[in-house]
Amino acid sequence: MSQKRPQGYISPLPVRARISRAQPRGLPLINMSFNEVPFGPSPEVAAAIDDATRKANFYGNPTCQALREEIGARNGLNPETIVCGNGSEELLDVIARNFVRAGDEIVISEFGYIQFAIIANRLDAELTKVPEKDYTTDVDGLLAAIGPKTRLVFLANPNNPTATMLPERELVRLADQMPSDVVLVIDLAYGEFTGFDYCAQIHGLANRFENVIVTRTFSKAYGLAGLRVGWCHAPEWMIPALYAARGMGSVNAVAQAAALASLCEPELVQARIDQILSERGRVAAELTALGVSCLPSQTNFMLITLGDNDPDRAEALVMHLFDDAGIIVNRTREKGLERYVRFSLSLPEHNSLLVQSVERFLNQ
Ligand SMILES: *Cc1c(COP(=O)(O)O)cnc(C)c1O
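Definitions and cut-offs
Residues numbered from 1 in each chain as written. Predicted model: local features only at pLDDT ≥ 70, side-chain atom pairs only at ≥ 80, totals over all residues. Heavy atoms only, no water. 1 Å grid on protein atoms, 1.4 Å probe; cavity = no way out; pocket = protein on both sides within 12 Å on 5 of 7 lines; lining within 4 Å. Points joined across faces, edges and corners; volume = space filled by probe spheres on them. Helix = DSSP H or I, 4+ residues; strand = E, 2+ residues; numbered from the N terminus. Pairing = 2+ DSSP bridges. Axes fitted to C-alpha atoms, helices over the stretch in contact; angles between N-to-C directions. Contact = heavy atoms within 4.5 Å. Near = heavy atom within 4 Å. Polar contact = N/O pair within 3.5 Å; in protein donor to acceptor, adjacent residues only side chain to side chain. Areas by Shrake-Rupley, 256 points an atom, 1.4 Å probe, with all protein chains shown as cover. Sits in = over half its atoms within 2 Å of the grid points. Buried < 20%, exposed > 50% of the residue type's maximum accessible area, 1.4 Å probe, protein only. Right-handed = clockwise from strand over helix to strand, strands pointing away. Parallel < 35°, antiparallel > 145°, perpendicular 65-115°, else oblique. Left-handed = near helix turned anticlockwise from the far one by under 90°. Nonpolar A, V, L, I, M, F, W, Y, C, P; charged D, E, K, R; others polar. Salt bridge = Lys/Arg side-chain N within 4 Å of Asp/Glu carboxyl O.

## Overview of the layout of surface pockets
Part 1 of the argument: A volume near 920 Å³ is recorded for the largest pocket.
Part 2 of the argument: As for the largest pocket, its lining consists of 41 residues, and the residues nearest its centre are Arg18, Ser33, Phe34, Asn160 and Arg342.
Part 3 of the argument: Where the lining of the largest pocket is concerned, the elements lending two or more residues are α3 (87-99), α4 (114-123), α11 (311-325) and β12 (330-331).
Part 4 of the argument: For the lining of the largest pocket, the element with the highest residue contribution is α3, accounting for four residues.

Structural data, given as structure tokens:
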């Protein structure tokens, strides 16, 4: 006899298959598909992790007090306007659950970060995508798309997967001209790769406007993706509601200790960023010389195409890099980007291997 089952409300979005077989030549795998940096924790950060691990019988601080104070001091922000989360992913979700209900509308840019679509799906919200110009967000398009049902605009800047960004004045214009009862979330996950001054200007928007939130992460430039720490800077009136929607202990004690220690080594973090940016210039020049076209990147990853209009050839390149060099790159899922391949800049030897393997692909 068949029994009734409980009714669920959330079903997953379709996901593109990942490569799921062994590397044919047994080469070590080099994963360049997640926009991570290739550097492990410094000795100081590793020691902080080790120390916190030995105290794992104690809860972490539920509001990340020490971490927020350090973030505030380093960025010139009031710590009471900062909320930390289990990666910025959690905070994007917390923000959306605060301001969006089923049937409400979220507006994003055409090639906006995939998490925005995943969040809209979770909430049964309507997702409106605004066409881009030159793979870059169109502010006038966003403004025109905002309607009576719009509750929130998500904008990753620089964006993933396009790696492009808007100048500060365009973000000011967007914040200025959009309705004050619609939330604008500016996701600065790659902000460190564009520079401290740029980030400071964007945070100024969250100080000035009652509807602007900026999100940041320790996953990218700070190299702590596996520990899951992000933070947001929001107008003070929103803070209690954001805590209400967030799990009490969502940032674990080890993650808090590691993030705090990593903030105390700004020169090291900057040196690593500089190395990535220098590699980005080199790799872009070498790939361009091979006839590959590279979108101008403001991040630690690149979006490239072989130029022809053939998604199958992009797919073939992805498989070739895996078979030939053990390199895993990202097959972008977004409609309209089928002929593109995304990869993160890694150590110089890995980047060189990628360029050489692309060259072999083009010559075969
Ligand atoms: C990687 C990334 C994040 C970071 O997510 P975490 O949950 O903090 O690891 C956020 N936004 C964008 C656009 C990203 O690419």
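## Description of the sheet that holds strand β5 (residues 150-156)
Strand pairing in a sheet relies on backbone hydrogen bonds. The paired strands run either parallel or antiparallel.
Part 1 of the argument: Spatially, the seven strands line up as an open sheet ordered β2-β8-β7-β6-β5-β3-β4, and their pairing is mixed. Two strands in the sheet have a free side with no partner beyond their single neighbour: β2 (82-85) and β4 (126-130). Pairwise comparison of adjacent strand axes, ignoring direction, gives a mean angle of 20 degrees for this sheet.
Part 2 of the argument: Sheet topology places strand β7 (residues 212-217) next to strand β8 (residues 230-233); four bridges connect them, and they run antiparallel. Each bridged residue has a counterpart across the sheet, and for Arg216 the counterpart in β8 is Trp231.
Part 3 of the argument: Packing of α4 onto the sheet brings it into contact with β3 (105-109), β4, β5 and β6 (183-187), and relative to β5 it is tilted by some 155 degrees.
Part 4 of the argument: In the packing of helix α7 (residues 196-208) onto the sheet, contacts are made with β6, β7 and β8, and the angle to β7 comes to roughly 140 degrees.

## A closer look at the site of the ligand
Part 1 of the argument: Near the ligand, the surroundings consist of 13 residues, among which Asp187, Tyr190, Thr217, Ser219 and Lys220 are the closest.
Part 2 of the argument: At a separation of 2.8 Å, an oxygen atom of the ligand approaches a polar side-chain atom of Asn160.
Part 3 of the argument: For the ligand, whose free accessible area comes to 390 Å², the fraction covered by protein is 94%.
Part 4 of the argument: When each cavity is represented as a set of grid points, the ligand is found to reside in the largest pocket.
Part 5 of the argument: In terms of residue count, the dominant contributor to the shell around the ligand is α3 (three residues).

## Structural notes on the pairing of β5
Part 1 of the argument: A large share of β5 lies buried, amounting to six of its seven residues.
Part 2 of the argument: Here four bridges tie β3 to β5, and the two strands are oriented parallel to one another. By the bridge assignment, Glu105 is partnered in β5 with Thr150.
Part 3 of the argument: Across five bridges, the pairing between β5 and β6 is parallel. By the bridge assignment for β6, Ala156 is matched with Asp187.
Part 4 of the argument: Viewed along the sheet, the connection from β5 through helix α6 (residues 168-177) into β6 turns out right-handed.

## Here's the deal with the packing of α11 against helix α12 (residues 348-363)
Two measures define how a pair of helices packs: the angle their axes make with one another and the distance between the axes.
Part 1 of the argument: Packing of α11 against α12 leaves a shortest axis separation of 10 Å and a crossing angle of 120 degrees. Comparing their axes, α12 and α11 come out oblique. Crossing hand, α11 versus α12: right-handed. Residue-level inspection shows Arg313, Ala316, Leu317, His320, Leu321, Asp324 and Ala325 of α11 in contact with α12, the latter providing Leu353, Leu354, Ser357, Val358, Arg360, Phe361 and Leu362.
Part 2 of the argument: Residues that form the contact of α11 with α12 fall into these classes: nine nonpolar, two polar and three charged.

## Topic: the pattern of salt bridges
Part 1 of the argument: Enumeration over the complete set of coordinates arrives at 18 salt bridges.
Part 2 of the argument: We note a salt bridge from Lys55 to Asp51, for which the minimum N-O separation is 3.0 Å.
Part 3 of the argument: Among the residues examined, Lys55 registers a relative accessible area of 44% and is labelled partly exposed.
Part 4 of the argument: With a relative accessible area of 39%, Asp51 lands in the partly exposed category.
Part 5 of the argument: With its nearest N and O atoms 2.9 Å apart, the salt bridge here joins Asp324 to Arg360.

All quantities given are derived from atomic positions and should not be read as evidence of function.
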